[in-house]
Amino acid sequence: EAGVAQSPRYKIIEKRQSVAFWCNPISGHATLYWYQQILGQGPKLLIQFQNNGVVDDSQLPKDRFSAERLKGVDSTLKIQPAKLEDSAVYLCASSLRIGPPADTQYFGPGTRLTVL
Amino acid sequence: AQTVTQSQPEMSVQEAETVTLSCTYDTSESDYYLFWYKQPPSRQMILVIRQEAYKQQNATENRFSVNFQKAAKSFSLKISDSQLGDAAMYFCAYKTFGNEKLTFGTGTRLTIIP
């Protein structure tokens, strides 16, 4: 079974530029998550989708971050414009559905973003 | 708000020995789940073990076991017969029943000494 795929693995941009990350969850997984992991910290949830709908985006900085999940499969996370403090690893995860026992989250390899 | 605390930024253990990683959490909920995730240098978070708060029996997965003390809000991970491949960052995480959001601690970096 293929895991969660993310691209790119690394991205370096100047502040005020835009950047987008892509995630392809495990086939059949209805729930998709984007986490931000700043160096030295644990991941923090940015947004959660259930199929195409947003379940929780309370910690997404909506003035600069946006995310979508078209057709309930792939998802993109965009930052526009980027700030220095956005330097982090962006992790995508998916789970079969909400609620145990199928709620285990499987993570992708992440995208390391450096903002100069 | 729920918080997860890992007080050991770094730990090391000799290969084949046993090591215990500590985690405490703060919550007012009675139904919740606790997890240990491993993050090797590849950055991919891998689930090691999970514990449901309503279960009194401690979870075990091969060489990995937990000591879950609900009253003390403590959830430690014991790794037996440590192997070189166990070297990674270990994150403790919490999730409320009915809410899929995982709250992570700051992690413990585990080094295995050959």
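See the structure above.
Residues numbered from 1 in each chain as written. Chains lettered and ligands numbered in written order. Predicted model: local features only at pLDDT ≥ 70, side-chain atom pairs only at ≥ 80, totals over all residues. Heavy atoms only, no water.

Caption draft 1: How the structure looks around the state of the cysteines. All names here are of chain B. According to the stated counting rule, one finds two disulfides over all chains in the structure shown. Each sulfur in the disulfide pair Cys23 and Cys92 lies 2.0 Å from the other. Judged by the torsion about the S-S bond (-70°), the Cys23/Cys92 disulfide is left-handed. Here Cys23, found in the loop between β3 (19-21) and β4 (24-26), pairs with Cys92, found in strand β10 (residues 88-96); they are 69 residues apart in sequence, far enough to count as distant. (Disulfide = S-S within 2.5 Å. Helix = DSSP H or I, 4+ residues; strand = E, 2+ residues; numbered from the N terminus.)

Caption draft 2: Quick peek at the interface of chain A and chain B. Contacts between chain A and chain B engage 27 residues on the former and 18 residues on the latter. Buried area between chain A and chain B, both sides added, is near 1800 Å², and the carbon and sulfur share of it is 47%. Where chain A packs against chain B, one counts two salt bridges. We note a salt bridge from B:Lys95 to A:Asp103, for which the minimum N-O separation is 2.2 Å. At the surface where chain A touches chain B, the tally comes to twelve residue pairs in polar contact (both at pLDDT 80 or more). Every element with two or more residues in the side of chain A that touches chain B is listed here: β4 (31-37), β5 (44-50), β9 (88-95) and β11 (111-115) of chain A. Residue composition of the side of chain A that touches chain B, grouped by class: eleven nonpolar, twelve polar and four charged. (Contact = heavy atoms within 4.5 Å. Buried area = accessible area lost by both parts, 1.4 Å probe. Salt bridge = Lys/Arg side-chain N within 4 Å of Asp/Glu carboxyl O. Polar contact = N/O pair within 3.5 Å; in protein donor to acceptor, adjacent residues only side chain to side chain. Nonpolar A, V, L, I, M, F, W, Y, C, P; charged D, E, K, R; others polar.)

Caption draft 3: Looking closely at the environment of B:Lys95. Examined against the element boundaries, B:Lys95 turns out to sit in strand β10. When the C-alpha positions of B:Lys95 and B:Glu52 are compared, they lie 9.7 Å apart, and in sequence the two are 43 residues distant. Contacts of B:Lys95, omitting those with residues within four sequence positions, involve A:Asp103, B:Tyr32, B:Tyr33, B:Phe35, B:Glu100, B:Lys101 and B:Leu102. Of note is the side chain of B:Lys95, whose polar atom sits 3.0 Å from the side chain of B:Glu100.

Caption draft 4: Layout of unusual backbone geometry. Residues and elements named next belong to chain A. In this model, Ser7 is joined to Pro8 through a cis peptide bond whose omega is -5°. In this structure, Pro8 sits in the loop between β1 (5-7) and β2 (10-13). Following Gln80, the chain continues into Pro81 via a peptide bond in cis, with omega recorded as -5°. If you trace the backbone, Pro81 turns up in the loop between β8 (75-79) and β9. For Arg16, which is not glycine, the phi dihedral falls at a positive 80°. By the element assignment, Arg16 lies in the loop between β2 and β3 (19-24).

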